Structures are given as structure tokens and as C-alpha cells.
Amino acid sequence: MLWMSCLPNASLFLLLLPCFPAQDGGRNEQSADVISAWEGSSISITCPISDSQNQVGMHLRAIRENLNVLYFSGKVLTIHQDFANRIQCSKEGENLRITLHRLQESDSKIYLCSEVVKINDHPKDLYGKTTIVVVKAKSNSSLEQSPLYANPEQGQSVSITCVLKISTEAEKFYLLRTLVQPGTVLSVSNVNVSNVSSAFGNRLEYSREGNRMVVTLHNLQEKDSDNYICVGEVADSPLLSASGTMVLVKAEVEQACEKRSWGLYGLLIVVALLFCALVGCTLYHVDLNKYFQKKKPNVIYEDMSYNSRRSTLVSSNFYPRGE
């Protein structure tokens, strides 16, 4: 174990996400935060602490490994050697913020905050908030997920498939939301004991066969748009995560605009056809008029009045001479 001082004004990179409770036949599962990050980055976990005089200290434990990551009491911090030189903490009001730097894939764990208090002069652990940390490794392909992207309309459904590509059977599968409204959507054990988020209720169906799980989300709404990640829990291993499925549900405004656009395009096409028909009809009638129009005969006018008058004059002025 390593002892070091806890700096109250330490610079922290905070990634605190809201949590959503899951349900199993009406039974509420303890709320959990979900944090997803890449290897090498930093995250922060917050543990609420009370101001009670009976408060002794605060533990951060990794549940599955039964590992005591740190113990905080006063201004002294005890850190497990696997996290040495990678943890900072600060007490701010009623929260203890614990920052993990230079994340490793092995840091993918389910962490539990527990407060130590004195009751009748005996220490007792009060379990608090749970945080699921998923550290994504770029080269990890143990857990595959499909599709990578889905763009359904409101009311439609999307199926997400998770396949563990190792021989060891997964003890538990999770489907997590990690971007807009982080939380646990579904958890399924190897004996098919499941917990479904109340946000989906009867809108979720799943099937699991060994290391393959298919989750179908029904009657999708715009608020369901998020990044959904499959996570596998395997014995003697950190949590295994997949690439994720980005689900973007089309909003009603987008659909209305799309329908309006198609209606406008249709109207423009009809107007264009009518205009073409009008022009064609006009040209057709003009040609018919030219075809049936009677040609006027060419008339040459000759003024015969002068010759007629001359002939008349000559005739009237001719008298026979006497012999």
C-alpha cells in the first residue's frame, strides 16, 4: 500500500455522468454511474460523503476483484499499488472526487463507494454509489457488436447483437448508454437473471445463448438517441467492451420536413408537367391553324380604263371622206 497526501485543490478532469436505476420484476437495482473512456485518458468518480461526526473515512472498492483501490481519511489517502501515481483526489463540499489518470484496459471495473462510520464505537461500512468504468482499447476485438450505426424513425425498433469471441463463457452481459444519458440499459447473467432499466420498461426484449446476446429496443423515441455499448464480464478478467452502436432516432420535425420536401418536389414536378403540356398544346393548335388556313389567291390588277377610253375616242372621231 502507498501513503500520499490528498491535495484539496488538485487539478481534476471531471467526467461525472447521471445514473439510471434498473429493474427486475419491480425490484429496483442500486443506481450506477457509467463512464466510458479510451486508454490513456483520465476520468473522475465522485463519492458522496456525509459531514457526520461519526464519519471515519471513505473506501473505493472494485467489487468483482474485491480490491480496495483507496481509503481516504482526513487529509491522508491510501492507494493500492496498481494505481500508484495515477490517482488524485479532492474533497469538495459533500463529495470526494477521485481522478484516475493514464487509464489502462485493466481499469475496466465496477467501483463501489462505501463510507466508514462509527456506530456504538464500532466501524461499519455504508455502501453508496456504484460506478461502471469501461476503458476502451483500440486493439481489443474480444467482444464484437453490430450494427455500428442505426437511424430509425420514431416508433421503429433496433436490434443490437453482442458476441464474445473467446472460449470462456461470460458471467454477465451489459448493455450500457454512454453518451447522452449514461446508464445501464440491461444486465443479463449466465443463468438469464436480468435487470432492465425503467427508461425502457416493456420496450426491451433480449435473447441470450452462451456468449451471444441480441437486444431489441422497441418503440424508439427521440430521447433514446445515444451510444449503446455491449460489455462482458468474464472471470479473472477486466470488463470487456465492444465498439458500440450509435442510435440516432429521427425527430418528428425532421420527418415532417422530409415529407414536406417530398410534397414540394411532387408539386414542382406536376407544375412542370402541366406547363410542358400547355406549351405543347399551344404549339399544336398554332400548327393546325397554319395548316387549315386558306391561302388568298394572287390577283393582278390591270387598269384598262385608258385603252377603253382611247378606243372609244378613236371610234367616235372617225368619219369617212367624201370622194
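All residue numbers refer to positions counted from 1 along the written sequence of the respective chain. Where local features are concerned, this predicted model is filtered to residues with pLDDT of at least 70; where side-chain atom pairs are given and counted, the filter is 80 or more; whole-chain, interface and lining totals use all residues. Remark: hydrogens and water are excluded; side-chain values derive from all non-hydrogen atoms of the structure.

As annotated in an unreviewed UniProt entry, the protein is CD7 protein from Elachura formosa.

**As for the pattern of salt bridges**
Salt bridge, as used here: a side-chain nitrogen of Lys or Arg that lies within 4 Å of a carboxyl oxygen of Asp or Glu. The full count for this structure, using the stated rule, is 9 salt bridges. One salt bridge in this structure joins arginine 64 and glutamate 65, with 3.7 Å as the shortest N-O distance. Residue arginine 64 is classed as partly exposed on the basis of its relative accessible area of 25%. For each residue, the accessible area found with a 1.4 Å probe, counting protein chains only, is set against the maximum for its type, and the residue is called buried under 20%, exposed over 50%, and partly exposed in between. Using a relative accessible area of 33% as the deciding quantity, one classes glutamate 65 as partly exposed. Linking glutamate 233 and arginine 64 is a salt bridge whose minimum nitrogen-to-oxygen distance equals 3.2 Å.

**Observations concerning the sheet that holds strand β10 (residues 95–100)**
In any sheet, the strands associate via hydrogen bonds between backbone groups, in a parallel or an antiparallel arrangement. Any two strands between which DSSP finds at least two bridges are classified as paired. Helix and strand assignments come from DSSP, with helices taken as H or I runs of at least 4 residues and strands as E runs of at least 2, each series counted from the N terminus. What the 3 strands build is an open sheet, ordered β5-β10-β9; its pairing is antiparallel. At either end of the open sheet lies a strand with only one pairing partner, and these are β5 (43–48) and β9 (87–92). Along the sheet, successive strands turn relative to each other by an average axial angle of 20°, direction set aside. Two strands pair when backbone bridges link them, and β5 and β10 are joined in this way by 6 bridges, in the antiparallel orientation. Each bridged residue has a counterpart across the sheet, and for isoleucine 43 the counterpart in β10 is leucine 100. Every axis in this analysis is a line fitted to C-alpha atoms, fitted for helices over the stretch in contact. Angles between the N-to-C directions lie between 0 and 180 degrees.

**Regarding the pairing of strand β12 (residues 122–136)**
Here 7 bridges tie strand β4 (residues 32–38) to β12, and the two strands are oriented parallel to one another. Bridging from a neighbouring strand, serine 36 pairs with valine 134 of β12. Sheet topology note: the strand β11 (residues 109–119)/β12 ladder contains 10 bridges and is antiparallel. Each bridged residue has a counterpart across the sheet, and for lysine 109 the counterpart in β12 is valine 133. Connecting β11 to the next strand, β12, in antiparallel fashion are 2 residues, including asparagine 120 with a positive phi near 55°.

**Brief notes about the packing of aromatic side chains**
Only rings of Phe, Tyr and Trp enter the pairing, Trp through its six-membered ring, and a pair is recorded when the two centres are within 6.5 Å. The plane angle decides the type: under 30 degrees is stacked, over 60 is edge-to-face, the rest tilted. The tally for this structure, following the rule as stated, stands at 1 aromatic pair. Taking the centre distance of 6.4 Å and the plane angle of 70° together, the rings of phenylalanine 200 and tyrosine 228 count as edge-to-face. With a gap of 28 residues between them, phenylalanine 200 in the loop between β18 (194–197) and β19 (204–209) and tyrosine 228 in strand β21 (residues 226–233) connect regions that are remote in the sequence. Judged by its relative accessible area of 2%, phenylalanine 200 falls in the buried class. When its relative accessible area of 0% is taken as the criterion, tyrosine 228 is described as buried.

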